[in-house]
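So you can see what is in the structure, the chains are spelled out below.
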Amino acid sequence: MTSACKLTDSTAAIRYATFVVAGHYFGTDVTQVQEVLRHQAMTPVPLAPPVIQGLINLRGQIVTAIEMRQRLGLPERADQEESMNVVVRTEDGVVSLLVDEIGDVVEGEPQLFEAPPESLDPVLRSLVSGIYKLKGRLLLVLDIRQTLNLDAMVGQLAG
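Here the structure is a predicted model, which is why all the values come from computation and not from measurement.

Let's talk about the sheet that holds strand β4 (residues 52–58)
Okay, step 1: Spatially, five strands are ordered β3-β6-β7-β5-β4 in an open sheet, and the strand pairing comes out mixed. Strands at the two margins of the open sheet, each flanked by one partner only, are β3 (33–37) and β4. The average undirected angle you get between the axes of adjacent strands in this sheet is 30 degrees.
Okay, step 2: Where strand β6 (residues 84–90) meets strand β7 (residues 93–99), seven bridges bridge the pair, whose relative direction is antiparallel. Within β7, the position partnered with V88 by the bridge is V95.

Here it is in structure tokens:
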């Protein structure tokens, strides 16, 4: 099989950029990730929902920073802990996800992809498209479109 055939093969492994938020191991399709960065200085956005931590200047481009702990309904980060940035590309532009730590790129076989378990917290479950059972841990595949859905963010805060 040539490498060109592998790219169109529906059983080809999908590569995920991984990161950790409050002990949960997440991944998103590596093709959506523009870059990962250490903590960046942020400008607060007045009257923005708390999930929008602020704006960062990424080489002249203004990027909205989403606090993933807040978005996932998880406890706040300790004051001395600095966030890391996973900068993702979307149809609407570039957004930074603030996470606790950056992981590696891992491959997931499509036939091993499973639906999120019913026992998963409802907020978390609504933002995860599925899971992979890895040795010693679960990889939660983050649905970037749903995660960045502003209406859902505001609804979560109101609920």
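A look at the packing of aromatic side chains
Okay, step 1: All chains considered together, the criterion is met by three aromatic pairs.
Okay, step 2: By way of ring pairs, the aromatic residues Y16, F113 and Y132 are connected into one cluster.

Some thoughts on the sheet that holds strand β1 (residues 14–21)
Okay, step 1: Strand order in the open sheet made by the five strands is β8-β1-β2-β10-β9, with mixed pairing throughout. The strands lining the two open edges of the sheet, one partner per strand, are β8 (101–108) and β9 (128–134). Averaged over all pairs of adjacent strands, the angle between their axes in this sheet comes to 35 degrees, without regard to strand direction.
Okay, step 2: Two elements, strand β2 (residues 24–29) and strand β10 (residues 137–142), share two bridges in a ladder whose sense is parallel. Along β10, the bridge assignment pairs F26 with L140.

Points about the nonpolar core
Okay, step 1: By size, the foremost hydrophobic cluster in this structure holds 23 residues, and its most contacted members are F26, M68, L97 and L142.
Okay, step 2: Elements supplying a minimum of two residues to this core: β1, β6, β7, α3 (122–127), β9 and β10.
Okay, step 3: With residues up to four places along the chain from it excluded, the contact list for F26 reads A17, T18, F19, V21, L72, L124, V128, L139, L140 and L142.
Okay, step 4: Listed in part, the seven residues of the second largest apolar core include V20, Y25, V106 and Y132.

Conventions adopted
- Counting restarts for each chain: residues are numbered from 1 in the order of the written sequence.
- Thresholds applied to this predicted model are a pLDDT of at least 70 for local features of residues and 80 or more for the giving and counting of side-chain atom pairs; totals over whole chains, interfaces and linings are not thresholded and use all residues.
- The side-chain values count all of the structure's non-hydrogen atoms but skip hydrogen atoms and water molecules.
- Pairing between two strands is assigned when DSSP locates at least 2 bridges connecting them.
- By the criteria applied, helices consist of DSSP H or I runs no shorter than four residues and strands consist of E runs no shorter than two, each listed in order from the N terminus.
- Interaxial angles span 0 to 180 degrees and are taken between N-to-C directions of axes, which are lines fitted to C-alpha atoms, for helices over the stretch in contact.
- Each Phe, Tyr or Trp ring (for Trp, its six-membered ring) is paired with any other whose centre lies within 6.5 Å, and the angle between the two planes then decides the class: stacked below 30 degrees, edge-to-face above 60, tilted in between.
- Nonpolar cores are built from buried Ala, Val, Leu, Ile, Met, Phe, Trp, Tyr and Cys residues. Side-chain atoms within 4.5 Å join them into one set.
- Each residue is assigned to one of three classes by its accessible area relative to the maximum for its type, calculated with a 1.4 Å probe on protein chains only: buried under 20%, partly exposed between the two thresholds, exposed over 50%.
- Contact criterion: two residues are considered in contact whenever any of their non-hydrogen atoms come within 4.5 Å of each other.

So, to be careful, I would describe these as geometric facts and stop short of saying anything about function.
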